[in-house]
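Listed below, chain by chain, are the residues.
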Amino acid sequence: MQGLRSLDPGLDDGQGLTLALPSTVDPPGGAARAVRPGRRLDSWLYRHPWVRLTGLLSAPLFWLVVAYLGALFVLLVSAFWTVNTFTGELVRQPTLDNFRTILSEDVYRTVALRSVAVAAAVTAIDALIALPMAFFMAKVAAPRWRHWLVVAILTPLWASYLVKGYAWRVILANGGVADWATGGHSPGYGVSATVLVLAYLWLPYMILPIYAGLDRLPDSLLEASADLGARAGRTFRSIVLPIVIPAVIAGSIFTFSLSLGDYITVQIVGGKSQLIGNLVYANIGAANNLPFAAALATIPVLIMVIYLVAVRRSGALEEL
Amino acid sequence: MRSVRIGTAIAAAGLLALAGCGGGNGGTKSPGGGLKPPPVAKLASLGPGEGQVNIVAWAGYVENGSNDPKVDWVTGFEKQTGCKVNVKVAGTSDEMVTLMKTGEYDTVSASGDASLRLIYGGDVAPVNTDLVANYKDVFDGLKNKPWNSVDGVAYGIPHGRGANLLMYRTDVVNPAPTSWGVVFDPASPYRGKVTAYDSPIYIADAALYLMKHQPDLGIKNPYALDDKQFNAAIDLLKKQNQVIGEYWSDYTKEIQAFKSGDSVLGTTWQVITNLAQADKAPVQAILPDEGATGWSDTWMVSAKAKHPNCAYLWMNHIISPEANAAVAEWFGEAPSNRLACVKTADKNHCATFHAEDEAYFDKVWYWTTPVEQCLDGRTDVKCKDYAAWTQAWTTVKG
């Protein structure tokens, strides 16, 4: 994540030019002839910085505005439509019915609260596990081992999500490994199993930002603190914590939002429980009620916006 | 050069957006009185196959030997017709309707709770039965029924029919159940190990149970429920939720759960029992005393089929005596072709599954889409439609 920042191209130093025009690379063989028009274009663009900037930004801006924000906009608009329940055709007449149903039926509040609780629990568990691990990686382990530890943290991300999910289904099954290891007290399928598996799945996303945050903490600060007579606890509170808190919050943005939107894990190990994602999925896949699904999907969007606004002040967004 | 390419991209995206806005006409009136399906032409004559066919089907309907080398009625079809079969297995009727709406698929094995929605949604075309040579051998009791035709126009080829069964672990469930009561008992000794089908249509199973055990509710048809009857069914399901371990719609998940013992009792299809038994799970399936919900399936052709000829060839193949017998035995249902009965490996198959026994199938309530106009003929009350069923199902799961 730090690496990304060093790639920041700096539009004013002329490097953007070469990035924006990969197609002006000379064809092999005809090099001598092709140089002159390329040069001319170069100098023309040099004299017109505005064209340069447009050429560089129009593709990503197109993606951001049309594909990304456009999709969100369509989602919001369709939340006000309804569906003919018999034929499944969209009825494009704006109405608040979907939101009225969501607010008046208890079940949607229950499921939304359950989803937030699951996401919060996953985040808390991940933070508790990630903090000592990241500290060990950044400060205790020998420098030549650090890269290998990062590799070890990242390796599980290469395995398919579904494979890991179904592996946990087998582990948690009746008479499975979890039963054997706990003497028959496996959590079984349910909300606690969902929290457990999600915490496992998203752990790397918590470790990496904390590791990056701690990596930036100079050892000399820790030594200075010790020289001035602070014990481990005081050093942790006054030196490490202020640096690591924004990193934890940065990691929590990943774990919280990923958990909030998840619907597959809970289908595999969640027993009979359901989260917001399942309701959205059921309304698209089973009920073919896209507008109602869109209305439901605004709940996690709203929760995440509130969360991001709340953490913005902590400086966590600079840690990403 | 760059900007030209971007300009092209913007233009292309604009065209796509326009094309996206163009769809969605036809059939938007409410169901019932005087509604006509959108006009869709049927295939006039059969041409050569297009080389492939995309099928949406129930698990076990399109087997190419990958589940069991002996169970294969696809490879021969592919060799014979040159139509490569691509199958998408759907877990619920709702999923089938959604998949067919994409227009990516040529044919579907639709149950009664999907077929009418597909017809009135304009997603399927009428079927030219003259082009399906084996249609003449289909039981007359299955032809031109309310779930596969409208005003005498056939919209599909009958595939077969059967009942949703009650499966249990023989080593755990004792005594062996004879009634659906065991899955609806809030004080069940199998608490946390009961499973149920994860679809709004499962509400009909509760209604069927109430129909037999609470006659004062006056339920005549489990798919025609007025407010009071509907609420009684939902209450029963909410009580049942306390003993449920998990709901299933993915049949592999149910097999695994019964095999490990996470589920010991619940709704199933015969094919799931077969697969679980093949996996050495000690399970048995029965048709309880109350009767059961069930299905009568129909092969339908998409209105937007890209491979209509291969779809017709497939429909003719799947109801041919050999294939129809094989699929009926594998899935555990009654075949639709009367000549299939002599082709089954178990010569009693047609008797066991009551292939010609219309009196038996009177006790099986085929999946049907609930609509506002009560299906049991009552006109003094309004019944709950499928949208209400869908939202209620969410509240049942909590």
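Small disclaimer: the values here were computed from a predicted structure and weren't measured.

Once that is clear, we can look at the overall build of chain B. Assigned secondary structure in chain B consists of 14 helices and 15 strands. Over its C-alpha atoms chain B spans a radius of gyration of 22 Å, differing by no more than 12% from the 21 Å that the globule rule assigns to 398 residues. Along the first, second and third principal axes, the C-alpha set of chain B runs to 70 × 50 × 45 Å. Looking at chain B as a whole, 54% of its 398 residues are labelled buried.

Once that is clear, we can look at the overall build of chain A. Tallying secondary structure elements over chain A gives 15 helices and two strands in all. For chain A, restricting intrachain contacts to residue pairs at least 6 apart in sequence, the fraction spanning at least 24 positions comes to 71%.

Time to look at the sheet that holds strand β9 (residues 194–197) of chain B. All names here are of chain B. Taken together, the five strands give an open sheet; going across it, the order is β10-β9-β11-β8-β12, and neighbouring strands pair in mixed fashion. Two strands in the sheet have a free side with no partner beyond their single neighbour: β10 (244–248) and β12 (283–286). Neighbour-to-neighbour, the strand axes of this sheet turn through a mean angle of 25°, independent of strand direction. Helix α8 (residues 251–260) contacts β8 (165–169), β9, β10, β11 (265–268) and β12 of the sheet and is inclined by roughly 150° relative to β10.

Across soluble globular proteins, nonpolar side chains have a tendency to be buried as a group. Core analysis: the biggest nonpolar cluster contains 125 residues, and I203, A207, A233 and W314 of chain B have the highest contact counts within it. Ranked by the residues each element gives to this core, the list is headed by helix α6 (residues 203–213) of chain B, at eight residues. Those residues within four positions of W314 of chain B in sequence are excluded, and the remaining contacts are V53, I55, F77, C83 and T107 of chain B. Counting 58 residues, the second-largest nonpolar core is a separate cluster that includes W168, A212, A247 and F292 of chain A.

For the rest of this paragraph, the subject is the pairing of β10 of chain B. All names here are of chain B. Here β10 lies mainly inside the structure; five of its five residues are buried. Pairing between β9 and β10: four bridges, direction parallel. By the bridge assignment, V194 is partnered in β10 with I244.

Residue and element names in this part refer to chain B. Put simply, N174 and P175 share a cis peptide bond, and its omega is 0°. Looking at the secondary structure, you find P175 in the loop between β8 and α5 (181–184). If you check the backbone angles, K280 has positive phi at about 70° while not being a glycine.

So, on to helix α7 (residues 227–241) of chain B. All names here are of chain B. Along its 15 residues, α7 runs 21 Å from first to last C-alpha, staying within 8% of the 21 Å computed at 1.5 Å per residue. Every buried residue of α7 is listed here: Q229, F230, A233, I234, L236, L237 and Q240. One side of α7 carries all its buried residues, which in axial view fall inside an arc of 155°. What points out from α7, more than 90 degrees from its buried face, is the exposed set D227 and K228.

Compared with the 16 Å implied by 1.5 Å per residue over 12 residues, the 18 Å span of helix α7 (residues 143–154) of chain A between its first and last C-alpha is a close match. By the criterion of burial, α7 of chain A is predominantly exposed, with just zero of the 12 residues buried.

Between two packed helices, both the angle of their axes relative to each other and the distance between the axes serve to describe the pair. Residues and elements named next belong to chain A. Interhelical geometry of helix α5 (residues 97–104) versus helix α15 (residues 290–312) gives an angle of 55° and a closest axis separation of 9 Å. When the interaxial angle is binned, α5 and α15 end up oblique. The hand of the α5/α15 crossing is right-handed. Residues N98, F99 and I102 of α5 lie in contact with α15, whose contacting residues are P291, F292, A295 and L296. Its residues assigned to classes, the contact of α5 with α15 shows six nonpolar, one polar and no charged.

A separate point is the environment of G183 of chain A. Within the secondary structure layout, G183 of chain A lies in the loop between α9 (177–181) and α10 (191–215). Placed 109 residues apart in sequence, G183 of chain A and F292 of chain A show a C-alpha to C-alpha distance of 44 Å.

Residue and element names in this part refer to chain A. Checked against the element boundaries, I284 lands in helix α14 (residues 276–286). Measuring from C-alpha to C-alpha, the distance between I284 and M304 comes to 22 Å, with 20 residues separating the pair along the chain. In contact with I284, not counting residues within four places along its chain, are L290 and A293.

It is worth spelling out the confidence of the model for chain B at this point. Parts of the prediction with low pLDDT should not have their coordinates interpreted in detail. Of the residues in chain B, 91% reach a pLDDT of 70 or more, and the chain-wide mean stands at 86. Note on residues 1–33 of chain B: pLDDT is under 50 here. Beyond four places in sequence and across chains, it has 34 contacts.

All names here are of chain A. The geometry of helix α6 (residues 106–140) relative to helix α12 (residues 232–261) is characterised by a closest axis approach of 8 Å and an angle of 140° between their N-to-C directions. On the basis of their axis angle, the class for α6 and α12 is oblique. By crossing handedness, the relation of α6 to α12 is classed as right-handed. Packed against α6, whose contacting residues are S115, V118, A119, V122, T123, D126, A127 and A130, the element α12 presents V248, G251, S252, T255, F256, S259 and L260 at the interface. Per-class residue counts for the contact of α6 with α12 are eight nonpolar, six polar and one charged.

Further remarks concern the pairing of β8 of chain B. Residues and elements named next belong to chain B. For β8, the tally of buried residues reaches five of five residues, placing the bulk of the element in the interior. Of the two faces of β8, the one lined by L165, M167 and R169 and the one lined by L166 and Y168 are each fully buried. Here β8 pairs with β12 via four bridges, running antiparallel. Looking at β12, one finds that L166 is bridged to I286.

Let's shift gears to the environment of F258 of chain B. Residues and elements named next belong to chain B. Here F258 lies in helix α8. Overall, F258 belongs to the buried group, with 29 C-beta atoms counted inside 10 Å. Separated by 25 residues in sequence, F258 and V283 have C-alpha atoms that sit 7.7 Å apart. With near-sequence residues (within four places) excluded, F258 lies in contact with M167, R169, S263, A276, A281 and V283.

Reading the values: rules and limits
Throughout this document, residue positions are counted from 1 along each chain, in the order its sequence is written. Chain letters start at A and ligand numbers start at 1, both assigned in the order the entries are written. Thresholds applied to this predicted model are a pLDDT of at least 70 for local features of residues and 80 or more for the giving and counting of side-chain atom pairs; totals over whole chains, interfaces and linings are not thresholded and use all residues. The secondary structure listing takes helices from DSSP runs of H or I that are at least 4 residues long and strands from runs of E that are at least 2 residues long, numbered from the N terminus. Using C-alpha atoms as the atom set, the radius of gyration is obtained and then compared with a globule rule of 2.2 Å times the number of residues to the power 0.38. In this scheme every C-beta is placed from the backbone, and a residue whose C-beta has 20 or more other C-beta atoms within 10 Å is buried, one with 12 or fewer is exposed, and one in between is partly exposed. Working definition of a contact: two residues with C-beta atoms, positioned from the backbone, lying within 7 Å. What makes two strands pair is DSSP finding at least two bridges between them. Helix axes are fitted only over the stretch in contact, all axes being lines through C-alpha atoms; the angle between N-to-C directions runs from 0 to 180 degrees. The nonpolar core criterion groups buried Ala, Val, Leu, Ile, Met, Phe, Trp, Tyr and Cys residues into a set whenever they are joined through C-beta atoms within 7 Å. Between the first and last residue of a helix there are one fewer steps than residues, each counted as 1.5 Å, and that sum is the expected span. In this description, one arc is meant: the one made by directions from the helix axis to the C-beta atoms. For classification purposes, angles smaller than 35 degrees are called roughly parallel, those larger than 145 roughly antiparallel, those between 65 and 115 roughly perpendicular, and all remaining angles oblique. By definition, any crossing whose near helix is turned counterclockwise from its far helix by less than a right angle is left-handed, and any crossing with a clockwise turn is right-handed. We call Asp, Glu, Lys and Arg charged. Ala, Val, Leu, Ile, Met, Phe, Trp, Tyr, Cys and Pro are nonpolar, and the rest, Gly among them, are polar. Note on scores: pLDDT gives the predictor's confidence for each residue, bounded by 0 and 100.

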